[in-house]
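The chain contents come next:
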Amino acid sequence: MTIRVLVAEDQAAVRAALVMILRAEPDLEVVGQAADGEEAVRLALELRPDVVLMDVQMPRLDGVSATGRVVAAGAAQVLVLTTFDLDEYVYGALRAGAAGFLLKDLEADTLVEGIRTVARGDGMLAPSVTRRLIGTFARPGRTVGPEVRESVSGLTPREREVLACIGAGMSNGEIAGRLEMAEATTKTHVSRILAKLRLRSRVQAAILAQDLGLTI
């Protein structure tokens, strides 16, 4: 299965390097390139790629706002790129529904695997930098609205266990092994959790689990 990718990066040299890396992979297809946030949103809505590789700092419309628009429209999964590993703009993008983020100084293999991970719906929760970000900004005890708490109370005991595992940064395969169930069953639980809690992405679920102080 070919994964269709839109690359949104304002620096031409960086954008060209990203495109070159992705085009070397037989299962990845670069369907479009954007030099600013407005263009990224327009192309995402027009091309409906599987994944948008989104830079945080871009002209006209920043990556956080662009991510929110793309995710709200259901146009694609968004994988955010940033220079800083503790960047509140990136946290804003995760809140807006991004599936995760990577640092720009990453190895090519990590970039490719990140895109594949996001495309299959796992989210970028495994890298230690992602865990650090969530741990820094989503601390237990953070204020959670009564409506959200009511929604969480509607989860089944098993769904709460799965949510706690998501908050711990586990992939579907890891959750399946931890809770001794099939990976397909895990995926079903994750989908139900997102629907019940009205969340846009797995990363949002992880942040909520951290906010609630859920542990497994």
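Here's what I pulled together on the structure shown here. (Residues numbered from 1 in each chain as written. Predicted model: local features only at pLDDT ≥ 70, side-chain atom pairs only at ≥ 80, totals over all residues. Heavy atoms only, no water.)

With respect to the overall build of the chain
For the record, the criterion: The numbering of helices and of strands both runs from the N terminus, where a helix is a DSSP run of H or I of at least 4 residues and a strand a run of E of at least 2. For every residue, the accessible area (1.4 Å probe, protein chains only) is compared with the maximum for its type, and the residue is labelled buried under 20%, exposed over 50%, or partly exposed between those bounds. Working rule for contacts: check all heavy atoms of both residues, and any pair within 4.5 Å makes them a contact. All accessibility values rest on the Shrake-Rupley procedure with a 1.4 Å probe; residue burial counts only the protein chains present in the view.
The secondary structure content of the chain amounts to eleven helices and five strands. Counting over 216 residues, the chain shows a buried share of 49%. In the chain, the proportion of contacts linking residues at least 24 apart, taken out of those at least 6 apart, comes to 68%. Split by element, the accessible area of the chain, about 10,000 Å² in all, is 50% carbon and sulfur.

Brief notes about unusual backbone geometry
If you check the backbone angles, Arg 48 has positive phi at about 50° while not being a glycine. By secondary structure assignment, the location of Arg 48 is in the loop between helix H2 (37-47) and strand E3 (51-55). By relative accessible area, Arg 48 is classed as partly exposed at 42%. One non-glycine residue, Glu 180, adopts positive backbone phi at about 55°. Turning to its location among the elements, Glu 180 is positioned in the loop between helix H9 (172-179) and helix H10 (183-197).

Topic: the packing of H2 against helix H3 (residues 63-72)
What describes two packed helices is the angle between their axes and the distance between those same axes. As a reminder of what qualifies: For every element, the axis is a line fit to its C-alpha atoms; helices are fit only across the contacting stretch, and the angle between N-to-C directions ranges from 0 to 180 degrees. Put simply, angles under 35 degrees are roughly parallel, angles over 145 are roughly antiparallel, angles from 65 to 115 are roughly perpendicular, and the rest are oblique. The hand of a helix crossing depends on one turn: near helix anticlockwise from the far one by less than a right angle means left-handed, and clockwise means right-handed. Amino acids outside the nonpolar list (Ala, Val, Leu, Ile, Met, Phe, Trp, Tyr, Cys, Pro) and the charged list (Asp, Glu, Lys, Arg) are all regarded as polar, and Gly is one of them.
H3 packs onto H2 with a crossing angle of 10° between their chain directions and a minimal axis gap of 9 Å. When the axis of H2 is compared with that of H3, the two are roughly parallel. Pair H2 / H3 crosses with right-handed handedness. Of the residues in H3, those in contact with Gly 37, Glu 38, Val 41 and Ala 44 of H2 are Ala 66, Arg 69 and Val 70. Considering only residue class, the contact of H2 with H3 consists of four nonpolar, one polar and two charged.

Focus on the nonpolar core
In plain terms, the rule: Within this scheme, the nonpolar core is defined by two criteria: the residues are buried Ala, Val, Leu, Ile, Met, Phe, Trp, Tyr or Cys, and they are joined through side-chain atoms within 4.5 Å.
In terms of nonpolar packing, the biggest core is built from 28 residues, with Val 52, Met 54, Val 70, Val 78 and Val 80 touching the most fellow members. Residue assignment for this core shows that the elements contributing at least two residues are strand E1 (3-8), H2, E3, H3, strand E4 (77-82), helix H4 (88-95), strand E5 (100-103) and helix H11 (202-212).

Description of the side chain of Thr 186
Within the secondary structure, Thr 186 sits in helix H10. Judged by its relative accessible area of 0%, Thr 186 is buried. Not counting chain neighbours up to four residues away, the residues in contact with Thr 186 comprise Asn 172, Ile 175, Ala 176 and Met 181.

Considering the pairing of strand E2 (residues 28-34)
A regular strand places its side chains on the two faces of the sheet in alternate fashion. Formally: DSSP-based pairing: two strands are paired if at least 2 bridges between them are found. The handedness rule is simple: strands pointing away from the viewer, and a clockwise path from the first strand over the helix to the second, make the crossover right-handed.
When E1 meets E2, the two strands line up parallel, connected through six bridges. Residue pairing in the sheet places Ala 8 in a bridge with Ala 34 of E2. Handedness of the crossover joining E1 and E2 through helix H1 (residues 12-23): right-handed.

Section: the side chain of Asp 55
As a reminder, the rule being used: Pairs of N or O atoms are called polar contacts if they sit within 3.5 Å, as long as, within protein, a hydrogen donor faces a hydrogen acceptor (for residues adjacent in sequence, only side-chain-to-side-chain pairs).
By the element assignment, Asp 55 lies in strand E3. A relative accessible area of 3% means that Asp 55 is categorised as buried. Engagement of the side chain of Asp 55 in a polar contact is seen with the side chain of Lys 104, the distance being 3.1 Å. Not counting the four nearest positions on each side in its chain, Asp 55 is found in contact with Ala 8, Glu 9, Asp 10, Gly 63, Leu 81 and Lys 104.

Brief notes about the sheet that holds E4
The strand order across the open sheet built from five strands is E2-E1-E3-E4-E5, with neighbouring strands paired in parallel fashion. Because the sheet does not close on itself, it has two edges, and the strands there are E2 and E5. Averaged over all pairs of adjacent strands, the angle between strand axes in this sheet comes to 25°, irrespective of strand direction. Strands in contact with H3 are E3 and E4; relative to E3, the strand with the most contacts, it is inclined by about 160°. Set on the sheet, helix H5 (residues 108-119) makes contact with E1, E2, E3, E4 and E5; between it and E3 the angle comes to about 130°.

Keep in mind these numbers describe shape, not what the thing actually does.
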